[in-house]
Amino acid sequence: MGRKLLLEKAHVEGIRYYDTYRREGGYRSVEKALNTMSPEQVVDEVKKSGLRGRGGAGFPTGMKWSFIAKPEGIPRHLVCNADESEPGTFKDRYLMEFIPHLLIEGLIVSSYALGSASTYIYIRGEYAWVADILEQAIAEAKQNGWLGKNIQGSGFDCEIYVHRGAGAYICGEETALIESLEGKRGNPRIKPPFPAVKGAWDRPTVVNNVESLAAVVPIINMGGEEYVKIGMGKSTGTKLISACGNINKPGVYEIDMTISVEEFIYSDEYCGGIPNGKRLKACIPGGSSVPILPANLLLKTAKGDTRMMNYESLSDGGFATGTMMGSGGFIVLDEDQCVVRHTMTLARFYQHESCGQCSPCREGTGWMHRILRNIETGKGKSSDIDLLWDIQRKIEGNTICPLGDAAAWPVAAAIRHFRDEFQWHVDHPEESQTRNYGLAHYADPLQVPVTA
Amino acid sequence: MSEEKKLIKVTIDNITVEVEPGTSILNAARQIGGDVAPPAMCYYSKLKGSGGKCRTCLVEVAAGSTADPRPMPKLVASCRTNVMDGMVVKNITSEKVIDARKGIVEFLLINHPLDCPICDQAGECKLQDLSYDNGAPGTRYEFPRRTFEKHDLGPYIQLHMTRCIMCFRCVFTADQLTNQRVHGILDRGEHAEIATYISKSLDHDFIGNVIDVCPVGALTDKTFRFKNRVWFLKPVDAHRDCPKCSGKVQLWFRGDEVFRVTARKDQWGEVEDWICNECRFEKKKAADWVIEGPTKVDRHSVISANHYVGMHKPTEIEPEVMGRNPRLLMDIHSVSEVNRPEIDLSRLPGPAHSDNFNGIENK
């Protein structure tokens with residue numbers, strides 16, 4: 001049984017409300033930080049903890065905080081990125097819905113560390129009811145003196161505002177989020193300048209994921225050194241994984257990053273295996289934009305080691321044979337799933353969500369989707385597969401924001417690992433409309449090169 | 001005298017140039033000039049905040065600076081990246097850049113209509129130039145192209161979104177030259193379009209400048225639409241005493257007639273001075289203007305075709321070699337009445353017509 005830090009109390013009756021949350025030991029970290037620590041000490045503690053951003057990129061949170069510019073007389077802002085729109089990822093919603101005060105608590109401590117007197121939660125517009133829950137929690141916190149002027153007599157002022165998005169995936173990108181927060185069209189900005197120097201209203205701004213900010217609470221409570229002991233290597237602490245797809249028990253799980261991928265899929269504590277005795281074909285372990293892996297590469301790395309559920313092990317082998325931890329949207333595909341159809345669905349999503357600002361993403365995402373639709377509906381040509389590869393190659397790395405990469409990677413990985421299935425669709429246009437390619441060789445044990 | 005700024009060194013395609021701190025890679029490359037300057041479809045030095053969107057100016061940074069000589073992991077937009085001391089940049093010497101630029105041109109063209117033969121921008125279109133330089137001979141795109149309805153933006157400006165490449169220049173122009181922003185981007189992704197939301201006219205003294213900043217034929221001058229091809233016109237620098245703007249313009253003549261008036265453009269195709277609507281749309285008589293002389297047009301431009309500026313006429317060597325002038329064996333005009341040597345074709349106001357030769361006066 002893995003250790004839980006975030007969701008430990010999530011199912012206590014009434015934990016959504018302040019009284020229960022406080023009774024269960026809530027807001028201790030605020031007391032500790034505001035009364036006994038300086039803002040620099042809080043930043044140091046988070047640095048020591050090795051906490052990596054939980055939004056997808058895995059950038060160390062403490063380091064991000066230390067980059068914030070501190071010009072005299074200019075306010076700074078902390079913005080919580082709750083625009084969780086990645087297909088397959090729903091961990092933040094779960095956390096905010098069940099234990100909203102944990103996020104508020106983390107936000108107060110983090111605002112104190114960064115010197116943000118106006119802190120914003122930018123929440124996805126579709127999470128309308130969650131925004132209401134958060135606003136209620138903020139009101140409760142304010143009533144009890146955890147927000148407002150001179151919090152707990154420490155002289156620190158802080159207000160938290162909830163800002164609802166209007167339904168754009170791109171607003172999860174931090175600079176687009178800031179634009180949207182300012183009331184403009186959510187187009188990503190060109191970096192540099194980075195938000196840490198010029199963010200919201202040209203003021204230094206830090207944008208962090210919900211889970212990262214919630215994780216600050218246990219870090220302050222237990223201390224950074226204790227936090228490092230949980231997890232493995234540079235993957236410290238616990239991570240929320242939202243598992244979905246062909247598994248018996250879809251849902252949000254908190255793992256301490258010491259278990260293997262195989263254990264996560266098949267153990268009863270977590271996903272509980274694949275329904276109806278089907279076999280595992282492929283998996284996207286970190287939300288729709290990370291590369292898809294076939295079963296054999298998912299469970300074992302190319303070197304033959306067991307693949308673990310943490311940042312390093314999942315990315316072992318780079319994009320050639322590995323993938324990414326991403327935002328923790330764990331999507332499992334069984335042998336009845338069609339990778340071509342699946343890739344087409346993702347391509348359609350990215351076409352729909354491209355902001356249209358820069359050329360490669362605006363034009364390329366639609367092009368990839370149309371070609372994939374042709375292949376899927378039996379109208380594809382062999383040359384289309386090479387064309388797809390060429391298009392994704394020309395989008396990746398050439399766009400303003402990572403949405404271009406996010407659109408290119410799933411297509412690249414699908415072709416890299418499942419080219420046979422694409423080719424089969426092209427060679428058997430009629431058959432491909434009536435049945436799926438099936439598992440084929442995708443779960444066969446890999447040949448591990450013998451090292452002398 | 002202001003305090004002297006320390007110049008910094010940057011090497012672009014093996015050519016070192018000294019520039020002021022805070023200069024972008026693109027502007028440093030423009031100081032070198034020629035092929036070293038990356039193409040720019042969206043950047044416009046006169047518009048604040050422009051650039052970074054079209055990605056045609058991507059370059060490779062092989063060394064960040066003297067202090068930190070690591071290369072940058074991705075290609076960077078040269079229009080929005082500032083130079084550092086000791087930076088080494090590769091533009092046309094980098095295979096990666098050439099390859100990426102080819103890709104960008106392909107992306108820009110997949111939804112661009114092939115209507116150059118009827119497009120007013122043809123001949124002075126940046127996208128045409130870009131595709132000649134970096135494009136592929138054929139398309140790999142097999143799907144219907146995106147189309148939009150045409151919009152009238154008031155009495156002078158026509159918006160044809162189908163041709164738009166979303167450079168955002170017109171949005172910045174309207175935002176920075178006029179009192180309030182009147183148009184912007186609707187929708188997103190492939191369907192994003194420049195619009196005034198519910199068809200409104202763009203109404204401001206300087207709004208005509210959006211026509212000049214448009215790199216393609218998406219925004220065109222309604223007083224000039226379909227009147228003439230730009231390469232049949234002769235551009236002439238002229239000015240007038242305008243109470244609203246600098247009054248420095250280019251007149252585009254054919255014969256005695258002024259077909260259109262535009263702002264003067266520098267060698268990068270950027271407007272030198274914004275001009276007002278009155279100068280642009282209302283003053284279409286040569287008498288309204290003080291003419292300064294023919295505009296120098298880059299010899300690579302189709303507009304300079306048949307204008308042989310600075311050409312050396314070959315010297316006649318026959319008298320020198322033969323000792324006498326060549327003798328005409330037969331003068332065609334003495335035996336044929338078809339042609340009329342006294343009619344100088346280049347002095348005709350328009351294309352030659354049989355009336356010109358039949359002695360009927362041209363009205």
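Predicted model only: the values in this text are computed from it and were never measured.

**Quick notes on the overall build of chain B**
Helix and strand counts for chain B come out as 9 helices and 14 strands. Each of the 363 residues in chain B was classed as buried or not, and the buried ones make up 34%. The contacts of chain B with a sequence gap of at least 6 include a subset with a gap of at least 24, amounting to 61%.

**Some thoughts on the sheet that holds strand 14 (residues 290-294) of chain B**
All names here are of chain B. The sheet built from 4 strands is open, its strands ordered 13-12-11-14 with antiparallel pairing. If you trace the sheet from one side to the other, it starts and ends with strand 13 (257-263) and strand 14, each paired once. When the angles between neighbouring strand axes are averaged without regard to direction, this sheet yields 35°. Across 4 bridges, the pairing between strand 11 (residues 234-239) and strand 14 is antiparallel. Within strand 14, the position partnered with Asp237 by the bridge is Gly293.

**What about the interface of chain A and chain B?**
Contacts between the two partners involve 22 residues from chain A, matched on the other side by 25 residues from chain B. Sorting the residues of the side of chain A that touches chain B by element identifies helix 15 (339-353), helix 16 (359-376) and helix 17 (382-395) of chain A as the ones contributing at least two each. Here the side of chain A that touches chain B takes 8 residues from helix 16 of chain A, the largest share from any one element. Of the residues belonging to the side of chain A that touches chain B, the class tally is 7 nonpolar, 10 polar and 5 charged.

**Examining the environment of A:Tyr18**
All names here are of chain A. With respect to the helices and strands, Tyr18 occurs in helix 1 (residues 18-23). According to the C-beta neighbour criterion, Tyr18 is buried, with 22 such atoms within 10 Å. Linking Tyr18 and Gly380, residues 362 residues apart in sequence, is a C-alpha distance of 58 Å. Setting aside chain neighbours within four positions, we find Tyr18 in contact with His101, Glu140, Ala141 and Asn144.

**With respect to unusual backbone geometry**
Residue A:Pro192 follows A:Lys191 across a cis peptide bond; omega there is -5°. Counting through the fold element by element, A:Pro192 comes out in the loop between helix 8 (174-181) and strand 4 (205-209). The omega angle of the peptide bond from A:Pro192 to A:Pro193 is 0°, so this bond is cis rather than trans. Even without glycine at this site, B:Asp13 takes up a positive phi of about 50°. Inspection of the secondary structure puts B:Asp13 in the loop between strand 1 (8-12) and strand 2 (15-19).

**Overview of the domain arrangement of chain B**
One can read the domain layout of chain B as domain 1 (8-103), domain 2 (112-226) and domain 3 (228-363). Computed over C-alpha atoms, the centres of domain 1 of chain B and domain 3 of chain B are 38 Å apart.

**A short note on the packing of helix 16 of chain A against helix 18 (residues 403-427) of chain A**
Residue and element names in this part refer to chain A. In contact at an axis separation of 12 Å, helix 16 and helix 18 are set at 20° when each is read in the N-to-C sense. With respect to helix 18, the axis of helix 16 lies roughly parallel. Along this stretch, helix 16 crosses helix 18, giving a crossing that reads as left-handed. Contact residues: helix 16 offers Pro360, Cys361, Thr365, Met368, Ile375 and Glu376, while helix 18 offers Leu403, Gly404, Ala407, Val411, Phe422, His425 and Val426. The residue makeup of the contact of helix 16 with helix 18, split by class, is 9 nonpolar, 3 polar and 1 charged.

**Regarding the packing of helix 15 of chain A against helix 16 of chain A**
Residues and elements named next belong to chain A. Running from N to C, helix 15 and helix 16 cross one another at 155°; their axes reach a closest spacing of 8 Å. The angle between helix 15 and helix 16 places the two elements in the roughly antiparallel class. Of the two possible hands of crossing, helix 15 and helix 16 adopt the one that is left-handed. On the side of helix 15, the interface is formed by Val340, Arg341, Thr343, Met344, Ala347, Arg348, Tyr350 and Gln351, while helix 16 contributes Thr365, Gly366, Met368, His369, Leu372, Arg373, Ile375 and Glu376. Along the lines of polarity and charge, the residues of the contact of helix 15 with helix 16 split into 7 nonpolar, 5 polar and 4 charged.

**Section: the domain arrangement of chain A**
Residues and elements named next belong to chain A. Domains assigned within chain A are domain 1 (18-229), domain 2 (235-334) and domain 3 (339-434). In this structure, domain 1 and domain 3 have C-alpha centres spaced 35 Å apart. At the interface, 10 residues of domain 1 touch 8 residues of domain 3. Of the residues in the side of domain 1 that touches domain 3, the class split is 7 nonpolar, 2 polar and 1 charged.

**Section: the nonpolar core**
Counting 200 residues, the largest nonpolar core has A:Val79, A:Leu95, A:Val109 and A:Val332 as its most contacted members. Looking at which element gives the most residues to this core, the answer is helix 18 of chain A, with 11 residues. Discounting residues that sit within four places of it in the chain, A:Val79 has contacts with A:Tyr120, A:Tyr122, A:Leu177, A:Ile178, A:Leu181, A:Ala200, A:Thr205 and A:Val207. Within the second largest apolar cluster, 15 residues are counted, among which are B:Leu233, B:Ala238, B:Val261 and B:Ala263.

**Side note on the pairing of strand 11 (residues 329-334) of chain A**
Regular strands place their side chains on alternate faces of the sheet. Residue and element names in this part refer to chain A. The buried fraction of strand 11 amounts to 6 of the 6 residues, a majority that puts the element mostly inside the structure. Residues of strand 11 alternate between two faces, with Gly329, Ile331 and Leu333 on one and Phe330, Val332 and Asp334 on the opposite face, all of them buried. Here 4 bridges tie strand 7 (residues 239-245) to strand 11, and the two strands are oriented parallel to one another. Looking at the pairing, Ser242 lines up with Gly329 of strand 11. Sheet analysis places strand 9 (residues 280-284) next to strand 11, joined by 4 bridges and oriented antiparallel. Bridged to Cys283 within strand 11 is Val332.

**Focus: the pairing of strand 7 (residues 157-160) of chain B**
All names here are of chain B. For strand 6 (residues 150-153) and strand 7, the ladder comprises 4 bridges, and the chain directions are antiparallel. Residue His151 lies in a different strand from strand 7, and its bridge partner there is Leu159. Between the antiparallel neighbours strand 6 and strand 7 lie 3 residues, among them Gly154 with a positive phi of about 85°. When strand 7 meets strand 10 (residues 219-221), the two strands line up antiparallel, connected through 3 bridges. Considered in strand 10, the bridge of Leu159 is made with Leu219.

**Quick word on helix 9 (residues 210-222) of chain A**
Residue and element names in this part refer to chain A. Burial within helix 9 is extensive, with 11 of its 13 residues counted as buried. Buried within helix 9 we find Val210, Glu211, Ser212, Leu213, Ala214, Ala215, Val216, Val217, Pro218, Ile219 and Ile220. Gly223 occupies a position one or two residues after helix 9 and carries a positive phi of about 90°.

**Some words on helix 1 (residues 25-32) of chain B**
Those residues of helix 1 of chain B that sit buried are B:Ile25, B:Leu26, B:Ala28, B:Ala29 and B:Arg30. As for helix 1 of chain B, its buried residues are in contact with strand 1, strand 2, strand 3 (58-63) and strand 5 (87-90) of chain B.

**Let's talk about the sheet that holds strand 9 of chain A**
Here 5 strands make up an open sheet; going across it, the order is 8-7-11-9-10 (chain A) and the pairing mixed. Each edge of the sheet is formed by a strand with only one pairing partner; in this case those strands are strand 8 (251-255) and strand 10 (293-294) of chain A.

**Some thoughts on the confidence of the model for chain A**
Summary statistics for chain A give a mean pLDDT of 94 and a share of 99% for residues scoring 70 or more. Looking at the elements of chain A, mean pLDDT is at its lowest for strand 5 (residues 231-232) of chain A, recorded as 88, and at its highest for helix 6 (residues 100-114) of chain A, recorded as 97.

The rules behind the values
- Residues numbered from 1 in each chain as written.
- Chains lettered and ligands numbered in written order.
- Predicted model: local features only at pLDDT ≥ 70, side-chain atom pairs only at ≥ 80, totals over all residues.
- Helix = DSSP H or I, 4+ residues; strand = E, 2+ residues; numbered from the N terminus.
- Buried ≥ 20, exposed ≤ 12 C-beta atoms within 10 Å, placed from the backbone.
- Contact = placed C-beta atoms within 7 Å.
- Pairing = 2+ DSSP bridges.
- Axes fitted to C-alpha atoms, helices over the stretch in contact; angles between N-to-C directions.
- Nonpolar A, V, L, I, M, F, W, Y, C, P; charged D, E, K, R; others polar.
- Domains from an automatic or database assignment.
- Parallel < 35°, antiparallel > 145°, perpendicular 65-115°, else oblique.
- Left-handed = near helix turned anticlockwise from the far one by under 90°.
- Core = buried A, V, L, I, M, F, W, Y, C linked by C-beta atoms within 7 Å.
- pLDDT = per-residue confidence, 0-100.

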